[in-house]
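So you can see what is in the structure, the chains are spelled out below.
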Amino acid sequence: MNGGGPTIIGPLPAKTSLQVNGRQLDFVAEPATTLLEALREQCDVTGPKEVCDRAACGGCTVLLDERPVASCMMLALDATDRKITTVEGIGSVDAPDPLQMAMAEFDAMQCGFCTPGVVTAAKALLIQNPRPNLDEIRAALSGNLCRCGTYPNIFNAVLVASGQEPVEEPTDRGRSASGERA
Amino acid sequence: MSQPPRDLRAINAGQSVADHATRLDGLEKATGAARYGRDQIKKDMLWVRLIRCPWGRASLDSLDRDAALATPGVVEVVVSGDAGEYHGDSIGYVVARNRRALERGLQALDATWTRLDCKTGILDDEKARAPMGDPSAETAKAIDDAAFTFEATYSTPVQTHSSLETHGLMIEPDGENSIVHASTQGTFVVADQIGRFLGKPRSKIIIDCEHVGGGFGSKFQIGKEGAAGGLAAKTSGEAVYSFCDREEEHLDTGNRPSLLCKVRLGHDADGTIRGARFETFGGTGVSRRGGGARVPSGRFEFGTLDSPNHQDIQFNAGGPRAMRAPGCPQGAFVEELLIDEIAHRCGLDPLALRRRLDDSERRQRMYDVAADLIGWENRADTGSQTGTMRTGYGIGTCHWGKGRAPAKIEVVVHPDGHLEVRTGTQDIGTGQRTAMAALVAARIGVPLANISVAIGNSMLPAGPASGGSVCTPSTAPAAMAAADLARERILAGVAEREKLDADRLTIDDGVIMEGGRKVIRWEDACRRLSEPVSVTGEFDGQASAHWGEGSSEGVQAARVEVDCETGQIFVRDVIAIQSCGLPLVRKTAESQIMGGVIQGTSYALFEEQVLDPGTGAVLNANFENYKILGSEDCPRIVPVLWRDDQTGVRALGEPPVVPTAAAIANAVFNAIGRPVRDLPLRPDRVLAALAEPMAERVVAAAPRNADLENRA
Ligand code: FES
Ligand code: FES
């Protein structure tokens, strides 16, 4: 303690603890450690991905008390009193969230490296807006880059996970034109 | 999902081996359980980062190696050069106990450089700036004999692969062995390359790449980051983590090279092209090769063609690597826009002209469907629209050869009826593991749920790298052979026990039948095995019965809207028709097509590496300034799997990326009446084009030669 001022932490590694997916995780790290680094390098929570490390891709998205944040842009120390949920906390292979099931069903991933961030951002949307329309989904995911190009399938997965019809795709129109394909 | 969702794309129903199968690792990926190379993080591993040149060309003045070594946590500083030939060129590397120590070590190095003159693009080279060379006498005559001559210059930018998982590897010692977790498109390529740096024989190296975060052609080599990682692991004997950060990824892991293309041709009033000369210049950065473009592609009739005139132009930037259909999207952009320009000059519908110039019978039928699905009948004449928002329609095409490579697939039948498919080849997101499982399940006649796949490990049977779109076409025949062996083995046992003729037994949805009679369930038949049975199917890389008919062809149609006040282009719809022989898994096949279209749209509208002409520094080596297509820019895409009567499994990864930018450029031309001949189709370029006069029409005027005759 120094007088009545704030507690000084650092510059040396300091004890930190985070509430991640309902568990308390304790570790020792420099105060400059970002939340993303803390999760991946200290807590062995590797669902959130380091892609750009500067809030440009959404690959590291986690929920802070149900709000999405780019965990690469925030210090772990600033998240100590928050409830952190990563993609692993949304559901697991054995007990997946309906959103995760819809992602798999609609093939809303190829390499899957963007997928944890997409799932987390989409989950945040569904918490705030249980029946988003297509434009709302596009907007909510506009910070999540997918290089493989899976956006249309992601849209469908989010629509179906929120109890809606997937985007109406054509069509049988082409079928008659190509004899062999009937 | 208990209730299967409504089939969205009825158009593709029944076209694939597995219409409803979902990606085997879908849930792993959607829950964060899938572990990539970059996720192989250990508390006590060493971190490696390269020391890189900050300018286009520079010499190193000073560097404080001792200060870096004195930084707590830094364990090694290796300096092996004193000059850089491009931004991101490396002169050594630093090894440290954690990433903070690594960053402090690099800072303590305090490298100072003297900037030197550099070249930053194709046009820095005199050869590229020079007027077009003369065609051969024969081509010159063909061009002169035509009614009209046409000349134009086209260009495309440097595009970076931008895989979301950066290049690199994590190496951990495991007794005598080293396990290498790599982000790679070639399990066995890494196995062959890393040993030299690790100082270990191939037999002591295990590559693991169970999940790979994207690979679009740049991950066929371990790169400098991999080499440094290997050396650091050898020196230290410890676990080592060496991955590029995002900036390094843009600077030094390859790219699609830029292209400058000059064309001169002669055409008649009906659009027939009598002769043409193409001059291409590929921007290869510091590499000597790799800038080739496929133009013309061979899909269209150009009359008497001059022999190829290609030159690679070097300048001070990172070199190219293969990128999804190398040379093809840039070539297609030039060629297809050129055809639309000729069509416009002659007052023809560009689809009608394509039909005349394209002799592929399959694409002819695809044109019909593409036109139908995009609503071609709503297309206004090029340049006929006024007002702020103008709509355009455009077409692009592709074809792909029949590359193949040797492959082995092992199938293990377990006594509980479970089947394990084992292949060392990698699944970079194409759905390779799902395709193999679906094929084996269908070939044997058991549900997909019976199958698991072990993939992406050099201890598993060897398979091809994911390049040239050969992976699935080559592994499929091996998987079919393995499935046949496994099936025969089990059926022979049943036939013997039940005194039946094995040839009369069939397997339908996990039940072994004789005629219409149920004999025994697959599981129960397998229970008689005393131990797991392993069989291996092999494909020798040559054509065989399994290889089947057909090659990959495609037609895409785009509808765009152009805001003529801002120059912004909105790509609304893309119809993507693609043949790929026999599609294996509908959903992943559709995903491949959509992914190609999205990357092609991104290439058309946004992507461009920008070098500062003064310093040679890359100005946009990150995702804030190097824009790739996001959710709000994504068009509606209709992927159409075109089966015809094809039987062999064919290329699908690369061809769908080829036509998209071309189709979009043509749609923009249709909307605004002026061609934009440089990619990306930036708003400023659209506005500049709009300031030009409308594209010329020549057919209203009497043809030149006819004119001369009349006067004579
Ligand atoms: S890694 Fe955090 S936004 Fe890209
Ligand atoms: S699935 Fe590969 S980046 Fe999105």
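Residues numbered from 1 in each chain as written. Chains lettered and ligands numbered in written order. Predicted model: local features only at pLDDT ≥ 70, side-chain atom pairs only at ≥ 80, totals over all residues. Heavy atoms only, no water.

1. Brief notes about the overall build of chain A
Stage number 1. When its secondary structure is counted, chain A shows seven helices and five strands.
Stage number 2. Starting at the N terminus and ending at the C terminus, chain A contains elements arranged as β-β-α-β-β-β-α-α-α-α-α-α.
Stage number 3. The 182 residues of chain A split such that 57% are buried. (Helix = DSSP H or I, 4+ residues; strand = E, 2+ residues; numbered from the N terminus. Buried < 20%, exposed > 50% of the residue type's maximum accessible area, 1.4 Å probe, protein only.)

2. Here's the deal with the pairing of strand β19 (residues 451-455) of chain B
Residue and element names in this part refer to chain B.
Stage number 1. Because side chains alternate across β19, one face comprises the buried residues Ile 451, Val 453 and Ile 455, and the other comprises Ser 452 and Ala 454, none of which is buried.
Stage number 2. As paired elements, strand β18 (residues 419-423) and β19 share five bridges and run parallel to each other. Opposite Leu 419, over in β19, you have Ile 451 as the bridge partner.
Stage number 3. Since β18 and β19 lie parallel, the crossover through helix α12 (residues 432-444) that links them has a hand, and here it is right-handed. (Pairing = 2+ DSSP bridges. Right-handed = clockwise from strand over helix to strand, strands pointing away.)

3. Looking at empty space enclosed by the protein
All names here are of chain B.
Stage number 1. Counting across every chain of the model gives seven cavities of 30 Å³ or more.
Stage number 2. Roughly 60 Å³ of volume is contained in the largest cavity.
Stage number 3. Residue lining of the largest cavity: His 167, Gly 168, Leu 169, Ala 182, Ser 183, Thr 184, Val 190, Gln 221, Ile 222 and Glu 225, and that is the complete set.
Stage number 4. Its residues assigned to classes, the lining of the largest cavity shows four nonpolar, five polar and one charged. (1 Å grid on protein atoms, 1.4 Å probe; cavity = no way out; pocket = protein on both sides within 12 Å on 5 of 7 lines; lining within 4 Å. Points joined across faces, edges and corners; volume = space filled by probe spheres on them. Nonpolar A, V, L, I, M, F, W, Y, C, P; charged D, E, K, R; others polar.)

4. Topic: the sheet that holds strand β25 (residues 569-578) of chain B
Residue and element names in this part refer to chain B.
Stage number 1. Pairing in this open sheet of four strands is mixed, and the strands run β16-β24-β25-β26 from one edge to the other. The open sheet terminates on both sides in strands that have one partner only, identified here as β16 (389-400) and β26 (636-641). Mean inter-strand twist for the sheet, computed between neighbouring axes without regard to direction, equals 15°.
Stage number 2. Pairing of strand β24 (residues 552-563) with β25 involves nine bridges; the strand directions are antiparallel. What sits directly across from Arg 559, in β25, is Asp 573.
Stage number 3. This element, helix α16 (residues 660-672), spans β16, β24 and β25 of the sheet and lies at about 150° to β16. (Axes fitted to C-alpha atoms, helices over the stretch in contact; angles between N-to-C directions. Contact = heavy atoms within 4.5 Å.)

5. With respect to the interface of chain B and chain A
A common way to state how big an interface is: give the accessible area lost once the parts meet.
Stage number 1. If you look at the interface, chain B gives 78 residues, while chain A gives 74 residues.
Stage number 2. Each partner contributes to the roughly 6,500 Å² buried at the junction of chain B and chain A, and carbon and sulfur atoms together form 52% of this total.
Stage number 3. Two residues, Asp 107 of chain A and Arg 23 of chain B, come together in a salt bridge whose shortest N-O distance is 2.6 Å.
Stage number 4. Here chain B and chain A share 36 residue pairs in polar contact (both at pLDDT 80 or more) between them. (Buried area = accessible area lost by both parts, 1.4 Å probe. Salt bridge = Lys/Arg side-chain N within 4 Å of Asp/Glu carboxyl O. Polar contact = N/O pair within 3.5 Å; in protein donor to acceptor, adjacent residues only side chain to side chain.)

6. Here we look at the pattern of salt bridges
Residues and elements named next belong to chain B.
Stage number 1. In this structure the tally under the stated criterion is 63 salt bridges over all chains.
Stage number 2. For Lys 42, the salt bridge is made with Glu 172, and the minimal N-O distance between the two is 3.3 Å. Residue Lys 42 is located in the loop between α1 (26-30) and β1 (46-52), and its partner Glu 172 is located in strand β8 (residues 168-174); the two are separated by 130 residues in the primary sequence.
Stage number 3. The shortest N-O distance in the salt bridge between Glu 561 and Arg 572 comes to 2.6 Å. Of this pair, Glu 561 sits in strand β24 while Arg 572 sits in strand β25; the two residues are eleven residues apart in sequence, bridging distant segments of the chain.

7. Details of the packing of aromatic side chains
Residues and elements named next belong to chain B.
Stage number 1. Evaluation of the coordinates by the stated rule reveals six aromatic pairs over all chains.
Stage number 2. Ring centres 5.3 Å apart and planes at 85° place the aromatic pair Phe 278 and Phe 302 in the edge-to-face group. Separated by 24 residues along the polypeptide, Phe 278 in strand β13 (residues 273-283) and Phe 302 in the loop between β13 and β14 (304-305) bring together distant segments of the chain.
Stage number 3. Judged by relative accessible area, Phe 278 falls into the buried class, the value being 5%.
Stage number 4. On the numbers, 6.4 Å between centres and 75° between planes, the contact of Trp 376 with Tyr 393 is edge-to-face. Linking Trp 376 in the loop between α11 (361-374) and β16 with Tyr 393 in strand β16, this pair joins segments that are 17 residues apart in sequence. Here Trp 376 and Tyr 393 have matching classes, each one buried.
Stage number 5. Aromatic ring contacts, followed pair by pair, group Trp 47, Tyr 241 and Phe 243 into a single cluster. (Phe/Tyr/Trp six-rings, centres within 6.5 Å; stacked < 30°, edge-to-face > 60°.)

8. Considering helix α3 (residues 99-109) of chain B
Stage number 1. Every buried residue of α3 of chain B is listed here: Arg 99, Arg 100, Ala 101, Leu 102, Gly 105 and Leu 109 of chain B.
Stage number 2. For α3 of chain B, the elements touching its buried residues are α1 (35-42) of chain A together with β1, α2 (65-70), β3 (74-79) and β5 (90-96) of chain B.
Stage number 3. Structurally, the start of α3 of chain B carries an N-cap: the backbone nitrogen of Arg 100 of chain B is 3.1 Å from a side-chain oxygen of Asn 98 of chain B.
Stage number 4. Among the residues trailing α3 of chain B, Asp 110 of chain B stands out with phi positive, at a value near 50°.

9. Some remarks on the layout of surface pockets
Stage number 1. What the largest pocket holds in volume is close to 800 Å³.
Stage number 2. Within the residue set of the lining of the largest pocket, elements represented by two or more residues are α1 of chain A together with β1, α3, β11 (240-243) and α8 (246-252) of chain B.
Stage number 3. Grouping the amino acids of the lining of the largest pocket by side-chain chemistry returns 19 nonpolar, four polar and 14 charged.
Stage number 4. Quantified by volume, the second largest pocket comes out at close to 600 Å³.
Stage number 5. Taken together, 39 residues make up the lining of the second largest pocket; nearest its centre are Thr 430, Ser 469, Gln 592, Leu 652 and Gly 653 of chain B.
Stage number 6. Those elements that place two or more of their residues in the lining of the second largest pocket are α12, α13 (471-498) and α15 (586-605) of chain B.
Stage number 7. For the lining of the second largest pocket, the class distribution of residues is 20 nonpolar, 16 polar and three charged.

10. Focus on the sheet that holds strand β1 (residues 14-20) of chain A
All names here are of chain A.
Stage number 1. Pairing is mixed in the open sheet, where five strands are placed in the order β2-β1-β5-β3-β4. Two strands close off the open sheet at either side, each with one partner strand: β2 (23-29) and β4 (67-70). Each strand of the sheet is rotated relative to its neighbour by a mean of 40°, with strand direction disregarded.
Stage number 2. Across the sheet, α1 lies against β1, β2, β3 (61-64) and β5 (83-85), angled at about 100° from β2, the strand it touches most.
Stage number 3. Strands β3, β4 and β5 of the sheet are contacted by helix α4 (residues 115-128), whose axis makes an angle of about 35° with β3.

11. Focus on unusual backbone geometry
Stage number 1. For the bond from Val 295 of chain B to Pro 296 of chain B, the omega torsion is -5°, close enough to zero to count as cis.
Stage number 2. A cis amide bond links Leu 679 of chain B to the next residue, Pro 680 of chain B, at an omega of -5°.
Stage number 3. Its place among the elements puts Pro 680 of chain B in the loop between α16 and α17 (683-690).
Stage number 4. You will see that Asn 21 of chain A, though not glycine, has its phi angle at about 50°, which is positive.
Stage number 5. Within the element layout of this structure, Asn 21 of chain A appears in the loop between β1 and β2.

12. A look at the side chain of Glu 420 of chain B
Residues and elements named next belong to chain B.
Stage number 1. Relative to the helices and strands, Glu 420 is located in strand β18.
Stage number 2. Here His 414 takes part through its side chain, which lies 3.0 Å from a polar atom of the side chain of Glu 420.
Stage number 3. Beyond its immediate stretch of four places on either side in the chain, Glu 420 contacts Glu 410, Val 411, Val 412, His 414, Ser 452 and Ala 454.

13. With respect to the environment of Ile 664 of chain B
All names here are of chain B.
Stage number 1. For Ile 664, the position within the fold is in helix α16.
Stage number 2. Overall, Ile 664 belongs to the buried group, its relative accessible area being 0%.
Stage number 3. As for Ile 664 and Asp 573, which are separated by 91 residues in sequence, their C-alpha atoms are 9.8 Å apart.
Stage number 4. Apart from residues no more than four positions distant in its own chain, Ile 664 is found in contact with Ala 558, Val 560, Val 571, Thr 601, Ala 604, Leu 605 and Leu 681.

14. Overview of the side chain of Glu 561 of chain B
Stage number 1. Separated by 2.6 Å, the side chains of Glu 561 of chain B and Arg 572 of chain B make a polar contact.
Stage number 2. Setting aside anything within four residues of it in sequence, one finds Glu 561 of chain B in contact with Met 389, Arg 390, Thr 391, Gln 568, Ile 569, Phe 570 and Arg 572 of chain B.

15. Some thoughts on the confidence of the model for chain B
Residue and element names in this part refer to chain B.
Stage number 1. Across chain B, pLDDT averages 94, with 96% of residues at or above 70.
Stage number 2. Counting interchain partners and residues more than four positions distant, the pLDDT-below-50 stretch residues 1-8 has 18 contacts.
Stage number 3. In this model residues 701-712 is a low-confidence stretch, pLDDT under 50, and it forms 13 contacts with partners more than four residues away in sequence or in other chains.
Stage number 4. Complex prediction metrics read pTM 0.95 and ipTM 0.95. (pLDDT = per-residue confidence, 0-100.)

16. Brief notes about the nonpolar core
Stage number 1. The biggest cluster of nonpolar side chains holds 122 residues, and the ones touching the most others in it are Met 103 of chain A together with Ile 672 of chain B.
Stage number 2. The greatest single-element share of this core, amounting to nine residues, is contributed by α16 of chain B.
Stage number 3. Excluding anything up to four places from it in sequence, Met 103 of chain A contacts Ala 108, Met 109, Thr 115, Val 118, Val 119, Ile 154 and Ala 157 of chain A together with Ala 30 of chain B.
Stage number 4. Core analysis: the next-biggest nonpolar cluster, separate from the first, contains 46 residues, Leu 419, Val 494, Val 535 and Phe 539 of chain B among them. (Core = buried A, V, L, I, M, F, W, Y, C linked by side-chain atoms within 4.5 Å.)

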